[in-house]
Amino acid sequence: MGHLFVLAVLGFGAVLLTGEDLGQSLALWGGLLGQGEPGGMGTAGWYALRSYGPTLLLAALGATPWPSRWMARLRRGTWTGKVVAVAEPLVLAALLVISTGYLVDGGVQPFWY
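Remember, it's a predicted structure, so these values are computed and weren't measured experimentally.

Cut-offs applied
- Residues numbered from 1 in each chain as written.
- Predicted model: local features only at pLDDT ≥ 70, side-chain atom pairs only at ≥ 80, totals over all residues.
- Heavy atoms only, no water.
- Helix = DSSP H or I, 4+ residues; strand = E, 2+ residues; numbered from the N terminus.
- Buried < 20%, exposed > 50% of the residue type's maximum accessible area, 1.4 Å probe, protein only.
- Contact = heavy atoms within 4.5 Å.
- Areas by Shrake-Rupley, 256 points an atom, 1.4 Å probe, with all protein chains shown as cover.
- Salt bridge = Lys/Arg side-chain N within 4 Å of Asp/Glu carboxyl O.
- Patch = residues over 30% accessible without salt bridge, like charges linked within 9 Å, V, L, I, M, F, W, Y side chains within 5 Å.
- Axes fitted to C-alpha atoms, helices over the stretch in contact; angles between N-to-C directions.
- Parallel < 35°, antiparallel > 145°, perpendicular 65-115°, else oblique.
- pLDDT = per-residue confidence, 0-100.
- Phe/Tyr/Trp six-rings, centres within 6.5 Å; stacked < 30°, edge-to-face > 60°.

Helix and strand content of the chain: five helices and zero strands. Taken from the N to the C terminus, the helices and strands of the chain come in the order α-α-α-α-α. Classification of the 113 residues of the chain by burial places 13% in the buried group. When contacts within the chain are restricted to residue pairs at least 6 apart in sequence, long-range pairs at least 24 apart make up 22% of them. Surface exposure of the chain reaches about 8900 Å², of which carbon and sulfur atoms provide 72%.

The full count for this structure, using the stated rule, is one salt bridge. Salt-bridge contacts for Glu88 lead to Arg75; the nearest nitrogen and oxygen are separated by 2.9 Å. Residue Glu88 is found in helix 5 (residues 78-104), and its partner Arg75 is found in helix 4 (residues 66-76); the two are separated by 13 residues along the sequence. For Glu88, a relative accessible area of 30% gives the class partly exposed. When its relative accessible area of 43% is taken as the criterion, Arg75 is described as partly exposed.

This next bit is on a nonpolar patch on the surface. Together, Phe5, Val6, Val9 and Leu10 make up a nonpolar patch on the protein surface, roughly 360 Å² of accessible area in all. Inspection of the secondary structure assignment puts Val9 in helix 1 (residues 2-18). Given a relative accessible area of 43%, Val9 falls into the partly exposed group.

Let us now look at the packing of helix 4 against helix 5. Put simply, helix 4 and helix 5 touch, their axes get as near as 5 Å, and they point 120° apart. Our classification of the angle between helix 4 and helix 5 gives oblique. Residues Met71, Leu74, Arg75 and Arg76 of helix 4 pack against Thr78, Thr80, Gly81, Val84 and Glu88 of helix 5.

Time to look at the confidence of the model for the chain. Residues with a pLDDT of 70 or more make up 81% of the chain, whose mean pLDDT is 80. Confidence, read as mean pLDDT per element, is least for helix 1 in the chain (75) and greatest for helix 4 (92).

Under the counting rule described, the total for this entry stands at one aromatic pair. Taking the centre distance of 5.9 Å and the plane angle of 10° together, the rings of Trp66 and Trp70 count as stacked. One end of the pair is Trp66 and the other is Trp70, both in helix 4 and four residues apart, which spans about a single turn.

This paragraph deals with the environment of Leu61. The residue Leu61 is located in helix 3 (residues 43-62) in this model. You can call Leu61 partly exposed: its relative accessible area is 41%. For Leu61, the residues in contact, after removing those within four places along its chain, are Trp66 and Pro67.

Structure follows, in structure tokens:
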């Protein structure tokens, strides 16, 4: 439950920083919750889901024990253990460069950091 609460707070906080003033932020929040839309979620909600959905899905998957079990299984193998030993630092370095580039590009509000 705590994982989900933090995601909700961060999601609504990002919308707060997106609006130019409090009125626009409240209108965006209303759009996320389906206010004024007959079918449920508004266009702002669908946009946020398209923008942040894959990241949230990946974060939810990473919060499960499945990735660590998978990596442990790969490390136990003779040749897969060697591949993991070489590939893991390279993948982590690539993820560092990608995430830093994303932050620099303005994908995340610097206020959060």
